[in-house]
Amino acid sequence: MCSNSGSAMYQQKVSLGFSLIELLVTIAVLAIVLAFAVPSFVNLIENSRVTTQANTLLGAVNLARSEAVKQGAEVSIQNELGGFGNGWCVITGGLDGCQNARDNNLMLREFPTLQGIALDQNGVAGITFDARGYQSSPGANVRLELEPVGCTTGDNRMRVVSVSLAGRASVGLEACD
């Protein structure tokens, strides 16, 4: 005859949740992970914003160049009043201003103001391409620098849109000034 009378002493206790200590340890680990992840995520968002805007500006330059060849006439990319940071436009003809292009139906495309990005246009108000796709104005290699606002000197986060005299445009990555 087998008896199970002693088995009551060894019954297992079934747990249906987390203990307070398990919950506190989990929250502490999560807080440590977030403390390292959040600053990196902010940098990732800023870098993505700068890259997107640099590529948009590059696309506008390429649009102006291709339209000049297609139309067989001068086409320009020009900044809005106050600089490229306030937006830019692609217009038929020379550097006449975005507002003038709007008034005279010469506007091909407009681009909005930059948000959270510093843009150094190095004194360039616009670029004009001739019917062959070559840069006719300003007559020198162009360098437009975009970086996150508050970029630390030496951080490799600045994008540079370069346009050669031959009209070739490219984007490069450089250290912030």
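Just so it is clear, the structure is predicted and the values come from calculations on it, not from any experiment. (Residues numbered from 1 in each chain as written. Predicted model: local features only at pLDDT ≥ 70, side-chain atom pairs only at ≥ 80, totals over all residues. Heavy atoms only, no water.)

Asker: Any details on the sheet that holds strand β8 (residues 158-163)? Residues and values, ideally.
Answerer: Pairing is antiparallel in the open sheet, where four strands are placed in the order β4-β7-β8-β9. Every other strand in the sheet has two partners, leaving β4 (117-120) and β9 (169-174) as the edge strands with one partner each. If you compare each strand with its neighbour and ignore which way they point, the axes differ by 20° on average. Sheet topology note: the β8/β9 ladder contains six bridges and is antiparallel. (Pairing = 2+ DSSP bridges. Helix = DSSP H or I, 4+ residues; strand = E, 2+ residues; numbered from the N terminus. Axes fitted to C-alpha atoms, helices over the stretch in contact; angles between N-to-C directions.)

Asker: Describe the sheet that holds strand β5 (residues 126-129), listing the residues and the values that go with them.
Answerer: On the basis of which strands lie adjacent, the open sheet formed by five strands has the order β3-β2-β1-β5-β6 and antiparallel pairing. Of all the strands in the sheet, the pair left with one neighbour each is β3 (107-111) and β6 (135-137). Neighbouring strand axes in the sheet, compared pairwise and without regard to direction, differ in orientation by 25° on average. As paired elements, strand β2 (residues 83-92) and β3 share four bridges and run antiparallel to each other. Within β3, the position partnered with I91 by the bridge is M107.

Asker: Hey, could you go over the nonpolar core for me, with residue numbers and the actual values?
Answerer: Core analysis: the largest hydrophobic core is formed by 26 residues, its most contacted members being L57, I77, W88 and L146. Of all elements in the fold, only α1 (20-71), β1 (75-80), β2, β4, β5, β7 (142-148) and β8 reach the threshold of two or more residues within this core. Broken down by element, the residue count for this core peaks at eight residues, all from α1. (Core = buried A, V, L, I, M, F, W, Y, C linked by side-chain atoms within 4.5 Å. Buried < 20%, exposed > 50% of the residue type's maximum accessible area, 1.4 Å probe, protein only.)

Asker: Residues and numbers for the state of the cysteines, please.
Answerer: Evaluation of the coordinates by the stated rule reveals two disulfides. A sulfur-sulfur separation of 1.9 Å characterises the disulfide bridge that pairs C151 with C176. Classification of the bridge connecting C151 and C176 rests on its S-S torsion, roughly 70°, and on that basis the disulfide is right-handed. Of this pair, C151 sits in the loop between β7 and β8 while C176 is found in the segment after β9, placing the two residues 25 residues apart along the sequence. C176 gets classed as buried once you look at its relative accessible area, which sits at 3%. Once the disulfide-bonded cysteines of the protein chain are ranked by sequence position, their pairing pattern turns out to be 1-2, 3-4. (Disulfide = S-S within 2.5 Å.)

Asker: Talk me through the packing of aromatic side chains; I want residue IDs and the actual numbers.
Answerer: According to the stated counting rule, one finds two aromatic pairs in the structure shown. Residues F84 and W88 carry aromatic rings whose centres are separated by 6.2 Å and whose planes lie at 55° to one another, so their mutual orientation is tilted. Here F84 matches W88 in class, with each residue buried. Residue W88 is classed as buried on the basis of its relative accessible area of 0%. Site record: aromatic cluster; members linked through ring pairs are F84, W88 and F111. (Phe/Tyr/Trp six-rings, centres within 6.5 Å; stacked < 30°, edge-to-face > 60°.)

Asker: An account of α1 is requested, with residue identities and associated values reported.
Answerer: One turn of the α-helix equals 3.6 residues, which is why residues spaced by three or four share an orientation. The end-to-end C-alpha separation of α1 is 73 Å, in line with the 76 Å expected for 52 residues at 1.5 Å each. Along its length, α1 reaches its greatest deviation from straightness, about 25°, at A37, and the proline P39 lies no more than four positions downstream. In the stretch just after α1, G72 is the one whose phi turns positive, near 65°. (Expected span 1.5 Å × (residues − 1). Bend = angle between axes of the 7 residues up to and from the residue.)

Asker: Describe the pairing of β2, and please don't skip the residues or the numbers.
Answerer: Of all ten residues making up β2, seven are buried, and the element is well covered by its neighbours. In the sheet, β1 pairs with β2 via six bridges, with the strands oriented antiparallel. Its bridge partner lying in β2, Q78 is registered against C89.

Asker: Summarise unusual backbone geometry; cite the residues concerned and give the values.
Answerer: Each neighbour pair has its own omega, and for S137 with P138 the value is 15°, a cis peptide bond. Summarising the element assignment, P138 is placed in the loop between β6 and β7. For N105, which is not glycine, the phi torsion reads 55° and is therefore positive. Within the element layout of this structure, N105 appears in the loop between α2 (98-103) and β3. Of note, N122 is a non-glycine position whose phi angle comes to about 50°, a positive value. With respect to the helices, strands and loops of the structure, N122 is situated in the loop between β4 and β5. Residue N122 is classed as partly exposed on the basis of its relative accessible area of 41%.

In short, geometric facts, not functional conclusions.
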